[in-house]
Every structure is written in C-alpha cells, then in structure tokens.
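# Secondary and tertiary structure notes
Listed here are the chains, written in short residue letters.
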Amino acid sequence: MKIYENVLIEIISKQKVPKHVAVIMDGNRRAAKLLGIEATNGHQLGANKVKELIEWCVLLDIKVITIYAFSLENFNRSDNEVYILMKLFEEEFENLSKNKYIFDKKIKVKAIGKLEKLPENLRKSIEKVEELTKNNNDYYLNIAISYGGQQEIIDAVKNIAKDVKEGNIKIDDIDEELVSKNLYTKDLPHPEPDLIIRTSGEERISNFLTWQSCYSELYFCESNWPQFRKVDFLRSIRDYQKRNRRYGK
C-alpha cells in the first residue's frame, strides 16, 4: 500500500492540485458500531483523523482545508451526545493551539458558523487558537461548527440589507461578489472549494457551503470518516485531476 501511495503522490504532484478541499466527515457513529465501541469513542477517532487530513493536504500543498465538524441540525441530537461533542471540540481546539505542526507550517485556524450558540468555554478555546494563528498565512484550516449553509446566506443577506438601509450601498450594487464578501469564508484566498469529499457512502452535501459549492467537484467515498485512509484521499485528488471543469461553459 505504501508503494501505491508513493506512486499516486508522484502522479498527483505533476498536475494541478485543488487549492481548496472541503470534507464532510461523516460516519463516526457508524464506524464505532462496526468496531463495537461507544459512539463517543467513534467521535474521538474522527477527531484524530483530522490531524492526518491536515498533513495529507500540506504534503500536496493544498492551501485551504474546510471541515464540517458540527451542523446546526446536529444540536437536535441527544443532550448527552451534544455535551460530549462540545467537550471534545473544546479539547481539540486547545490541542490545536499547542500543536507545533500548526505553527511550523504556518496554518491559520478559523471556526465558521453561529459560534454564539456554542458553550462559553468552547468559544474561548476557539478564540485562543484563532488569535495565536492569526498571522499564519501559508495554509488555512476552517472548521465549520454550529454551521449551516443556508443560515450563512441569511446572515449575508442581513448584512447587505443593513448596508442598504444605512445608505452605504444601493440595491443595484448587490451582485455575486458582494454576497461572497459577506459570507463566513470572505477572508480566504480561495473561498470556493474546488473539491468536496464526503465519507460514509452518503451522496449529498447536507447544507454545507451552499453558496460556495456551486461549481465544486464532488467525491463520495464508502469509508466511514475514522477509517478514511491516505490512499482514499489520494484517490479523490487523482479523480479530481481527471475531470474537466467547465464552469457551465
């Protein structure tokens, strides 16, 4: 397998790699069930896999990574599971703030979503790592947490409506560029993902980057997220490179 991975890396490196890869990390609970462990342990395995994903993207010089960690709809899960996930996220953001790799590779970390809905301790952990990495600009790690793509668009519309009301802009000024400048991803060098990967075999984007994904290539993988391997990732990039992106032309 290692030899095959190296062959794929060599092939991929000779062609254009995506600038922005987004991942819907699905299947933590299913993986836990298959392994005969508690669902909470499946979430921990999923968190561990994120560290590997970051390294794989840096290896290929993919500049922007966006991961779907927790949707607004996920708040409808049991109180116990939501509580455990919030504590896990807090721990993982704290780990990121101490992770030497993040600073060596100059990775800027940012959370996107309705962060005001998160527990205070988690928000503080997010603010800490964002502050510590704010001057990093080689790579960008975006973590969509308490996130919904439709809600992101609603928030953008509200911001624009406020500017219209205050006389800062006219209605005729509203276009695609203005909407994009009011989205959570507005500060990224490449806001629209070139490739969206979803694990666990499900084939939908589940309210993820609804505006930004209009021309994204989609790749669906059968593996549950904790069992997503480096070779699976490399295959997704290789598949992307074989596609002809016409953007409607």
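Residues numbered from 1 in each chain as written. Predicted model: local features only at pLDDT ≥ 70, side-chain atom pairs only at ≥ 80, totals over all residues. Heavy atoms only, no water.

Read from one edge to the other, the open sheet built from 6 strands follows the order 3-4-2-1-5-6, with strand pairing classed as parallel. Only two strands of the sheet have a single neighbouring strand rather than two, namely strand 3 (107–112) and strand 6 (217–220). Within this sheet the neighbouring strands show an average axis-to-axis angle of 20°, counted without direction. Where strand 1 (residues 20–24) lies against strand 5 (residues 195–198), 4 bridges are found, and the strand directions are parallel. Paired with Ala-22 across the bridge in strand 5 is Ile-196. Along the sheet, helix 3 (residues 39–59) makes contact with strand 1, strand 2 (64–71), strand 3 and strand 4 (139–147), crossing strand 2 at roughly 160°. (Pairing = 2+ DSSP bridges. Helix = DSSP H or I, 4+ residues; strand = E, 2+ residues; numbered from the N terminus. Axes fitted to C-alpha atoms, helices over the stretch in contact; angles between N-to-C directions. Contact = heavy atoms within 4.5 Å.)

Here the focus is the nonpolar core. Counting 47 residues, the largest nonpolar core has Leu-53, Phe-93 and Phe-233 as its most contacted members. Excluding residues within four positions of it along the chain, Phe-233 makes contact with Leu-53, Trp-56, Cys-57, Leu-60, Ile-62, Ile-197 and Phe-228. In this structure, Tyr-184, Ile-196, Phe-208 and Leu-209 belong to the second largest nonpolar core, which totals 10 residues. (Core = buried A, V, L, I, M, F, W, Y, C linked by side-chain atoms within 4.5 Å. Buried < 20%, exposed > 50% of the residue type's maximum accessible area, 1.4 Å probe, protein only.)

What follows concerns the packing of helix 4 (residues 79–98) against helix 6 (residues 120–132). One can describe the packing of helix 4 onto helix 6 by two numbers: an axis separation of 9 Å at closest approach and a directional angle of 20°. With respect to each other, helix 4 and helix 6 are oriented roughly parallel. Crossing of helix 4 against helix 6: the hand is left-handed. Note on element contacts: helix 6 touches helix 4 through Asn-121, Leu-122, Ser-125, Ile-126, Lys-128, Val-129 and Leu-132, opposite Met-86, Phe-89, Glu-90, Phe-93, Glu-94, Leu-96 and Ser-97. (Parallel < 35°, antiparallel > 145°, perpendicular 65-115°, else oblique. Left-handed = near helix turned anticlockwise from the far one by under 90°.)

Let us look at the packing of aromatic side chains. The tally for this structure, following the rule as stated, stands at 9 aromatic pairs. Summarising the aromatic geometry, the rings of Tyr-68 and Tyr-147 are spaced 5.8 Å apart at their centres and angled 85° between planes, so their arrangement reads as edge-to-face. Of this pair, Tyr-68 sits in strand 2 while Tyr-147 sits in strand 4, placing them 79 residues apart in sequence. The exposure class of Tyr-147 is buried, given its relative accessible area of 0%. Here the aromatic residues Trp-56, Trp-225, Phe-228 and Phe-233 are joined through ring pairs into a cluster of three or more. (Phe/Tyr/Trp six-rings, centres within 6.5 Å; stacked < 30°, edge-to-face > 60°.)

This next bit is on the side chain of Ser-213. Examined against the element boundaries, Ser-213 turns out to sit in the loop between strand 5 and strand 6. For Ser-213, a relative accessible area of 11% puts it in the buried group. Of note is the side chain of Ser-213, whose polar atom sits 2.8 Å from the backbone oxygen of Leu-209. Apart from residues lying up to four places away in sequence, Ser-213 is in contact with Ile-196, Ile-205 and Phe-208. (Polar contact = N/O pair within 3.5 Å; in protein donor to acceptor, adjacent residues only side chain to side chain.)

This brings us to helix 7 (residues 149–165). With 17 residues, helix 7 should cover 24 Å at 1.5 Å per step; its first-to-last C-alpha distance of 25 Å lies within 8% of that length. Of the positions making up helix 7, those classed as buried are Gly-149, Glu-152, Asp-155, Ala-156 and Ile-160. Taken around the axis of helix 7, the buried residues stretch over an arc of 135°, which confines them to a single face. Away from its buried face, by an angle of more than 90 degrees, helix 7 presents the exposed residues Gln-150, Lys-158, Lys-162 and Lys-165. Taken together, the buried residues of helix 7 touch strand 4 and helix 8 (176–180). Where helix 7 ends, the next residue or the one after it, Gly-167, has phi of about 80°, a positive value. (Expected span 1.5 Å × (residues − 1). Arc of directions from axis to C-beta.)

Geometric descriptors of this kind do not, in isolation, establish any biological role.
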